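What the coordinates show
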Amino acid sequence: MSDQPLLEIRDLSVRFSASAPPAVRGVSIRVEAGTRVGIIGESGSGKSVTAMSVLRLNDERIAHYGEESSITLDGRELLKAPLSAIQGVRGAQASMIFQDPMSVLNPVFRVGHQVRDVLVAHRPELRKTAKALVIESLDAVGIRNPAAVYRQYPHELSGGMRQRIMIAMAIASSPRLLIADEATSALDVTVQAAVLETIGALADDRGMAVLMITHDMGVVARFCDYVYVMYHGEVVESGAAADILTSPQHDYTKKLLASVPRLHGDQPRTA
Amino acid sequence: MTPSPLLEISDLTVRYGAGNATPAVNNVSLSLAAGETVGLVGESGSGKSTVARAVLGLMPFEGTITYQGENLAEVTPTRMRAIRSDLQMIFQDPYATLDPRMTVGRQIAEPMLVHKIVPRSGAAARVGELLEQVGLSAEMAGRYPHEFSGGQRQRIAIARALGVSPSLIVCDEPTSALDVSVQAQVLELLQELQRTQGIAYLFIAHNLGVVRAMSHRVAVMYLGEIVEYGTSDEVFSNPQHPYTRALIEAVLEPDPASRHRPLSIDPDLTSPINVMRSRA
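Attention in this report is confined to the structure presented alongside it.

Definitions and cut-offs
Residues numbered from 1 in each chain as written. Chains lettered and ligands numbered in written order. Predicted model: local features only at pLDDT ≥ 70, side-chain atom pairs only at ≥ 80, totals over all residues. Heavy atoms only, no water. Helix = DSSP H or I, 4+ residues; strand = E, 2+ residues; numbered from the N terminus. Buried < 20%, exposed > 50% of the residue type's maximum accessible area, 1.4 Å probe, protein only. Contact = heavy atoms within 4.5 Å. Areas by Shrake-Rupley, 256 points an atom, 1.4 Å probe, with all protein chains shown as cover. Lys, Arg positive; Asp, Glu negative; His and termini not counted. Charge placed at Lys NZ, Arg CZ, Asp CG, Glu CD. Rg over C-alpha atoms; globule rule 2.2 N^0.38 Å. Pairing = 2+ DSSP bridges. Core = buried A, V, L, I, M, F, W, Y, C linked by side-chain atoms within 4.5 Å. Axes fitted to C-alpha atoms, helices over the stretch in contact; angles between N-to-C directions. Parallel < 35°, antiparallel > 145°, perpendicular 65-115°, else oblique. Left-handed = near helix turned anticlockwise from the far one by under 90°. Nonpolar A, V, L, I, M, F, W, Y, C, P; charged D, E, K, R; others polar.

Now for the overall build of chain A. Tallying secondary structure elements over chain A gives 10 helices and 11 strands in all. In terms of its C-alpha atoms, chain A occupies a principal-axis envelope of roughly 55 × 50 × 40 Å. Out of the 271 residues belonging to chain A, those deemed buried represent 53%. Look at the contacts in chain A between residues 6 or more apart in sequence, and 66% of them connect residues 24 or more apart. Accessible surface for chain A amounts to roughly 11700 Å². Of this, 51% is attributable to carbon and sulfur atoms. Of the charged side chains in chain A, 28 are positive and 30 negative; the average position of the first set lies 7 Å away from that of the second.

Next up, the structure:
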């Protein structure tokens, strides 16, 4: 078991219609326990569909996985399991956070109660002590004055704080894998850097692996150990983040890196 | 560069809400010469878009905004309409500014017809020229906005702004919603239009790399005020204000060395409301 990765995606193909080309084609990705892996790509590259496949969040009335495709988490096959079994994996062993926390948080409930509900759903025995645990976890995700924030509603919080609440919900039952889909893309740069730091610190403390889905090479540089580059539904290149950033091999990766307007170093105004 | 600036903003203050509401923009002064790009950079709530709205005459303001020597607070509505044709705008989401039920050709023609820049009979030919200028083809005039990608829609918004031959285009986050490879192409188009037609840009963005690539001079906004103002090189190579330094440090660059750069700002203090609360 020891040389088996925490998450192994093998030869994943996803098709949303029989007539259209597949959204994802032959993608294989490994995430070892406790590591930080990135998937980078532009709109339509298939990076989110790949991530959603892990928790079977694609609309399966129209999404079809390839016969040969397989996704295992801790050795357990997810793609062919019944959805009822996946429900026990979601939030418990693997959680996902998204770009827009307002689409996750219910506007009419206090945020503390929403985090508590997630915790109690997975660990009913903690019902009595749940409030204290939630306040502790709000503190862990970097919310100041967690006892007061516990009683607040989503609209009373800034975008960065809402993102932290969503992270608190995602890690409430200590998953071994956190999937972050453009989780910091809508945030201001200073807030983005701080939220990434929080996710990194939580991952390190708990030995949690992170699969970071992003369009931003800067996020890869700051956060990831290893990265997969996706283009048109396929992985075109993968490797240690530092290697991909400094010596990309594939033409698409080179073009992507060259497109980023740099702040540091020599790249003065071209006009 | 002309001795008198194209646009001059002095002591601009804008409030949302009456009386003593906290100003969203406080005592901002800056100037823009013909053919120049001034970048306005800052985070959410810093007031950069509010400055743009005031310049475009979309917000009441205190202070003075002078465009080609005319005080915008004092011009008649008729005169303001004429100035508008010289002062165009493009926004982050071109889909929101395009009518889904009108062909893009008609939408590009409309401002030219309103301002009587071309006769109705000559509009179609001019639309074709404009589409080609922004890297699309003349035949696309008959299509609808949903038939285009995000980058193409932004090109259509640019073509529409160009139709009235503006001297200044206010660009508010023009490439923030685009993929990086598409963003690079749109930025290149804007720079080329500046070289060939001498258009000035008031260029608003939160992405410091984009602002650096585009701007001759840069103003950094924080809590409604300009905290630093200088040439692009001065501001980015030798930032003086602690907020500018913190902002530059927080930018995530595709450089493996950025992994361990420390942070020095408290992100909760970038909203005026939080600052007011913490002072209370």
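There is more to say, and it comes next.
Attention shifts here to the overall build of chain B. When helices and strands are counted, chain B shows 11 helices and 10 strands. Whereas a compact globule of 280 residues would reach a radius of gyration of roughly 19 Å, chain B reaches 20 Å, a difference of no more than 12%. Principal-axis analysis of the C-alpha atoms gives chain B an extent of 60 × 50 × 35 Å. Residues counted as buried form 51% of the 280 residues belonging to chain B. Nonlocal contacts in chain B, meaning residues at least 24 apart in sequence, comprise 65% of its contacts between residues at least 6 apart.

What follows concerns the sheet that holds strand S2 (residues 23-32) of chain B. Think of a sheet as strands paired side by side through backbone hydrogen bonds, with each pair either parallel or antiparallel. Residues and elements named next belong to chain B. The 4 strands lie next to each other as S2-S1-S4-S5, forming an open sheet whose pairing is antiparallel. Each having just a single partner strand, S2 and strand S5 (70-71) make up the two edges of the open sheet. Where strand S1 (residues 7-15) lies against strand S4 (residues 62-67), 5 bridges are found, and the strand directions are antiparallel. Looking across to S4, one finds that Ser10 is bridged to Thr64.

In this section: the nonpolar core. Grouped together as the largest cluster of nonpolar side chains are 55 residues, with contacts concentrated most on Ile97(A), Leu138(A), Ile165(A), Ile199(A) and Met212(A). With 53 residues, the next largest nonpolar core counts Leu136(B), Ala141(B), Val164(B) and Ile199(B) among its residues.

Residues and elements named next belong to chain A. Between helix H3 (residues 111-122) and helix H6 (residues 159-170), the shortest axis-to-axis distance is 8 Å and the interhelical angle comes to 20°. Classified by the angle between their axes, H3 and H6 sit roughly parallel to one another. Taken as a pair, H3 and H6 cross one another with a handedness that is right-handed. Contacts from Val111, Gln114, Val115 and Val118 in H3 reach Ile165, Ala168 and Met169 in H6. Grouping the amino acids of the contact of H3 with H6 by side-chain chemistry returns 6 nonpolar, 1 polar and no charged.

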